[in-house]
Amino acid sequence: FVIFSTYPVMSAIPSIDRSAPEFSLLDQNGHPCALADFLGKWVVLYFYPKDDTPGCTKEACGFRDGFARFKRKGVVVLGISADSVKKHAKFVEKYELPFLLLADEQKTVVEQYGVWVKKKFMGREYMGILRTTFLIDPAGKIAKIYENVKPEGHAEEVLAEVLRLTTGNEGK
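Definitions and cut-offs
Residues numbered from 1 in each chain as written. Predicted model: local features only at pLDDT ≥ 70, side-chain atom pairs only at ≥ 80, totals over all residues. Heavy atoms only, no water. Helix = DSSP H or I, 4+ residues; strand = E, 2+ residues; numbered from the N terminus. Rg over C-alpha atoms; globule rule 2.2 N^0.38 Å. Buried < 20%, exposed > 50% of the residue type's maximum accessible area, 1.4 Å probe, protein only. Contact = heavy atoms within 4.5 Å. Lys, Arg positive; Asp, Glu negative; His and termini not counted. Charge placed at Lys NZ, Arg CZ, Asp CG, Glu CD. Phe/Tyr/Trp six-rings, centres within 6.5 Å; stacked < 30°, edge-to-face > 60°. Salt bridge = Lys/Arg side-chain N within 4 Å of Asp/Glu carboxyl O.

Peer 1: Sorry if this is basic, but what is going on with the overall build of the protein here?
Peer 2: Secondary structure assignment for the protein yields 5 helices and 10 strands. Whereas a compact globule of 172 residues would reach a radius of gyration of roughly 16 Å, the protein reaches 15 Å, a difference of no more than 12%. For the protein, the spread of C-alpha atoms along the three principal axes comes to 45 × 35 × 30 Å. Evaluated residue by residue, the protein yields a buried proportion of 46% over its 172 residues. Long-range contacts, defined here as pairs at least 24 residues apart, represent 67% of the contacts in the protein between residues at least 6 apart. When the 24 basic and 22 acidic side-chain charges of the protein are each reduced to a single mean position, those positions are 3 Å apart.

Right, here's the structure in full:
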């Protein structure tokens, strides 16, 4: 019997229709990447616990497999974890990920977005990243938040929402 729960302990998760918190982090190639670089585009900003673990790999490969469809819609996919630039580079190479992974080793961005939380697993408490995705509109506002994400099928779920929002079917 496994008990797993999470408790937010730092900042609250930003709200829908609010500006997404700005940040600048290094990508897997060691280049700076800021959210502001993508103003005018839809951004899928997904936070995940750790490179090359089963759930995180499944989630990343889901975004990889749907990447051509995201790209056709002009959508940028960015993944963030507390792993190092070097670990991100290995993860990207191993699974041929076509999008940027950003290294938040100081955990400033995960705290800004309210996803650095106290977790409990089999009676042990520890701090970790809550798997969460933010869909950010071209104006830099949060359009949708996916909390407690299940890696299987998540990329398809986000893509369906992007298609709904970009084809003018918001009310349907």
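Next comes the rest of the write-up.
Peer 1: Explain the packing of aromatic side chains to me, please; I cannot follow it from the model alone.
Peer 2: Two measures describe an aromatic ring pair: the distance that separates the ring centres and the angle between the ring planes. Inspection of every chain in the model, using the stated rule, returns 12 aromatic pairs. With a centroid separation of 6.4 Å and 35° between ring planes, the pair formed by Tyr48 and Phe91 is classed as tilted. Within this pair, whereas Tyr48 is found in the loop between strand S4 (42-47) and helix H1 (54-65), its partner Phe91 is found in helix H3 (residues 85-95), the two being separated by 43 residues in sequence. Residue Tyr48 is classed as buried on the basis of its relative accessible area, which comes to 1%. The class of Phe91 is buried, set by a relative accessible area of 2%.

Peer 1: Looking at this structure, I do not really get the environment of His31. What am I missing?
Peer 2: By the element assignment, His31 lies in the loop between strand S2 (24-27) and strand S3 (32-34). With relative accessibility at 46%, the residue His31 sits in the partly exposed group. Those residues in contact with His31, other than ones at most four positions away along the chain, are Leu25 and Leu26.

Peer 1: Explain the pattern of salt bridges here, please?
Peer 2: If the charged atoms of two oppositely charged side chains come close together, the side chains can form a pair. In this structure the tally under the stated criterion is 7 salt bridges. The partner of Lys94 in a salt bridge is Asp52, and the shortest N-O contact between them spans 3.0 Å. A residue pair is termed long-range when its members are at least 10 positions apart, and Lys94 in helix H3 and Asp52 in the loop between S4 and H1 qualify at 42 residues. Between Lys58 and Glu152 there is a salt bridge, with the nearest N and O atoms lying 3.1 Å from each other. Taken together, the residues Lys58 in helix H1 and Glu152 in the loop between strand S10 (142-146) and helix H5 (154-166) connect sequence positions 94 residues apart. Lys58 sits in the partly exposed class, given a relative accessible area of 44%.

Peer 1: Any chance you could explain the environment of Leu101 here in plain terms?
Peer 2: Within the secondary structure layout, Leu101 lies in strand S6 (residues 100-103). With relative accessibility at 0%, the residue Leu101 sits in the buried group. Taking the C-alpha atoms as reference, Leu101 lies 21 Å from Ala143; in sequence the two are 42 residues apart. With near-sequence residues (within four places) excluded, Leu101 lies in contact with Leu26, Asp27, Gln28, Tyr46, Tyr48, Asp51, Gly79, His88, Phe91 and Val92.

Purely geometric stuff here, so don't read any function into it on its own.
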